[in-house]
Amino acid sequence: MLTKEYRICMPLTVEEYRIGQLYMISKHSHEQSEKGEGVEVLVNEPADDPQLGKGQFTEKRIHLSSRLPSWIRGMIPRFFYITEKAWNFYPYTKTEYTCSFLPRFSVSVESRYEDDAGIMDNCLNLPAEILLEREVDHIDIAQDCLPVHKYKESEDCTKYKSAKTGRGPLGPQWKEITHPIMCSYKVVIVRFEVWGFQTRVEAFVHSCIRDILLLGHKQAFTWLDEWHGMSLEELREYEKNIQAQTNQKVLSDGYCTGSAEAATPESTSVIDLSNSSASRLPAAEKPKP
């Protein structure tokens with residue numbers, strides 16, 4: 001098990017981030033989906049929790065087969081997908097990823113959003129045993145770089161300026177001088193309980209997750225003028241329309257089915273893992289004496 005807490009600051013309020021994140025997820029999923037591959041949305045509906053109140057439950061299948069590096073493709077069936085289940089009780093969300101082909105693999109993501117600059121030591125109230133294992137990783141949407149093939153000048157936070165809000169571009173010390181500012185705290189636990197491959201796979205998955213979070217949050221900010229001012233009702237209508245288009249792209253191959261068996265809202269996007277910065281990894285672990 002490998003546990004990391006990612007902290008991603010944004011030049012937004014927590015309420016603005018709610019709209020921006022959901023808009024980014026829908027648009028990015030649609031852009032990255034293609035014939036037979038991408039994010040297939042199965043369920044997106046209201047949910048109630050006795051403690052957390054009203055929220056949103058979503059379910060997705062993430063079809064990945066050709067996007068995986070060769071060393072993984074050799075171990076899995078040709079038609080491969082991950083199930084994502086997510087519960088969004090904003091400003092708290094929880095997302096779980098599983099794969100029926102790999103029962104010993106899972107990823108859990110707990111998130112909370114606060115109007116601060118990432119200074120809370122234990123925002124998600126983790127137990128002492130998890131805190132001992134946790135690594136904290138501050139992701140900077142302006143200064144951290146994506147793999148070269150993912151870079152777009154239009155999504156460069158050091159060059160983007162919002163016409164609607166006047167925010168940006170973001171300089172080296174933007175977190176010290178920017179207002180408003182908020183932080184997305186995400187505790188990600190990756191489990192792959194297969195001896196000989198555990199360390200390798202868990203490190204690979206975390207590297208992919210970091211790339212996804214960095215790209216998605218860069219896009220959420222540089223797409224600011226597209227979503228700023230939208231109401232939650234307008235956003236839900238946008239989601240409904242774009243999800244129908246996305247499903248049509250993913251299912252056009254004919255082998256994907258529409259049966260429901262999972263859920264999700266949080267932050268799912270599909271990156272080209274075969275070309276990601278994490279695709280070249282060390283050899284499997286050596287047997288312990």
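Look a little higher up for the structure.
Chains are numbered independently. Their residues run from 1 in the order of the written sequence. Restriction of local features to residues with pLDDT of at least 70 applies here, the model being predicted, together with a cutoff of 80 or more for giving and counting side-chain atom pairs; totals for whole chains, interfaces and linings are based on all residues. Hydrogens and water molecules were not included; the side-chain quantities draw on all heavy atoms of the structure.

Looking at the packing of aromatic side chains
Stage number 1. Pairing of aromatic rings covers Phe, Tyr and the six-membered ring of Trp, with a centre-to-centre limit of 6.5 Å; geometry is then stacked below 30 degrees between planes, edge-to-face above 60, and tilted otherwise. The final tally for this structure, using the stated rule, is six aromatic pairs.
Stage number 2. Both rings, one in Tyr17 and one in Tyr113, keep their centres 5.0 Å apart while their planes meet at 45 degrees; by these two values the pair is tilted. On the criterion of sequence distance, the pair formed by Tyr17 in helix 1 (residues 14-32) and Tyr113 in strand 6 (residues 105-114) is long-range, its members being 96 residues apart.
Stage number 3. Ring geometry for Phe105 against Phe192: centres 6.3 Å apart, planes inclined by 65 degrees, an arrangement best described as edge-to-face. A residue pair is termed long-range when its members are at least 10 positions apart, and Phe105 in strand 6 and Phe192 in strand 8 (residues 182-192) qualify at 87 residues. The two residues Phe105 and Phe192 agree in class, both being buried.
Stage number 4. What links up through ring pairs into an aromatic cluster is the set Tyr17, Tyr90 and Tyr113.
Stage number 5. A cation sits over an aromatic face here: Lys27 above Trp223, 4.1 Å from the ring centre. What counts as a helix is a DSSP run of H or I of at least four residues, what counts as a strand is a run of E of at least two, and both are numbered from the N terminus. Exposed residues in this analysis have more than 50% of their type's maximum accessible area, buried residues have under 20%, and partly exposed residues fall in between, with area computed by a 1.4 Å probe over protein chains only. Two conditions define a charge sitting above a ring: the NZ of Lys or the CZ of Arg must be within 6 Å of the ring centre, and it must be within 35 degrees of the ring normal.

A look at unusual backbone geometry
Stage number 1. Across the junction of Tyr90 and Pro91, the peptide omega takes the value 10 degrees, indicating a cis bond.
Stage number 2. Within the secondary structure, Pro91 sits in the loop between strand 4 (81-89) and strand 5 (92-98).
Stage number 3. For the bond running from Gly168 to Pro169, omega is -10 degrees, close enough to zero to count as cis.
Stage number 4. Phi at Asn125 takes a positive value of approximately 55 degrees, unusual for a residue other than glycine.
Stage number 5. By secondary structure assignment, the location of Asn125 is in the loop between strand 6 and helix 3 (128-133).

Structural notes on the pairing of strand 5
Stage number 1. Strand pairing requires that DSSP identify at least two bridges connecting the strands. In the sheet, strand 4 pairs with strand 5 via seven bridges, with the strands oriented antiparallel. Residue pairing for strand 5: Thr83 is matched across the bridge by Thr98.
Stage number 2. What sits between the antiparallel neighbours strand 4 and strand 5 is a turn of two residues.
Stage number 3. The pairing of strand 5 with strand 6 spans seven bridges and is classified as antiparallel. Residue pairing for strand 6: Thr93 is matched across the bridge by Ser111.
Stage number 4. Linkage of strand 5 to strand 6, two consecutive antiparallel strands, is achieved through a turn of six residues.

Some remarks on the packing of helix 1 against helix 5 (residues 198-222)
Stage number 1. Between N-to-C directions, angles cover 0 to 180 degrees, with each direction set by a line fitted to C-alpha atoms, over the stretch in contact for helices. Packing of helix 1 against helix 5 leaves a shortest axis separation of 9 Å and a crossing angle of 115 degrees. Compared by their axis directions, helix 1 and helix 5 come out roughly perpendicular. In terms of crossing hand, the pair formed by helix 1 and helix 5 is right-handed. Contact with helix 1, carried on its side by Tyr17, Gly20, Met24, His28 and Glu31, involves Leu215, Gly216, His217, Gln219 and Ala220 of helix 5 and no other residues of that element.
Stage number 2. In terms of residue class, the contact of helix 1 with helix 5 is made up of four nonpolar, five polar and one charged. Here roughly perpendicular refers to angles of 65 to 115 degrees, roughly parallel to angles under 35, roughly antiparallel to angles over 145, and oblique to all remaining angles. Put simply, a crossing is left-handed when the front helix is turned counterclockwise from the back one by less than a right angle, and right-handed when it is turned clockwise. Contacts are assigned to residue pairs with any non-hydrogen atoms lying within 4.5 Å of each other. Each residue gets one label: Ala, Val, Leu, Ile, Met, Phe, Trp, Tyr, Cys and Pro are nonpolar, Asp, Glu, Lys and Arg are charged, and the others, such as Gly, are polar.

Nothing here speaks to function; it is geometry throughout.
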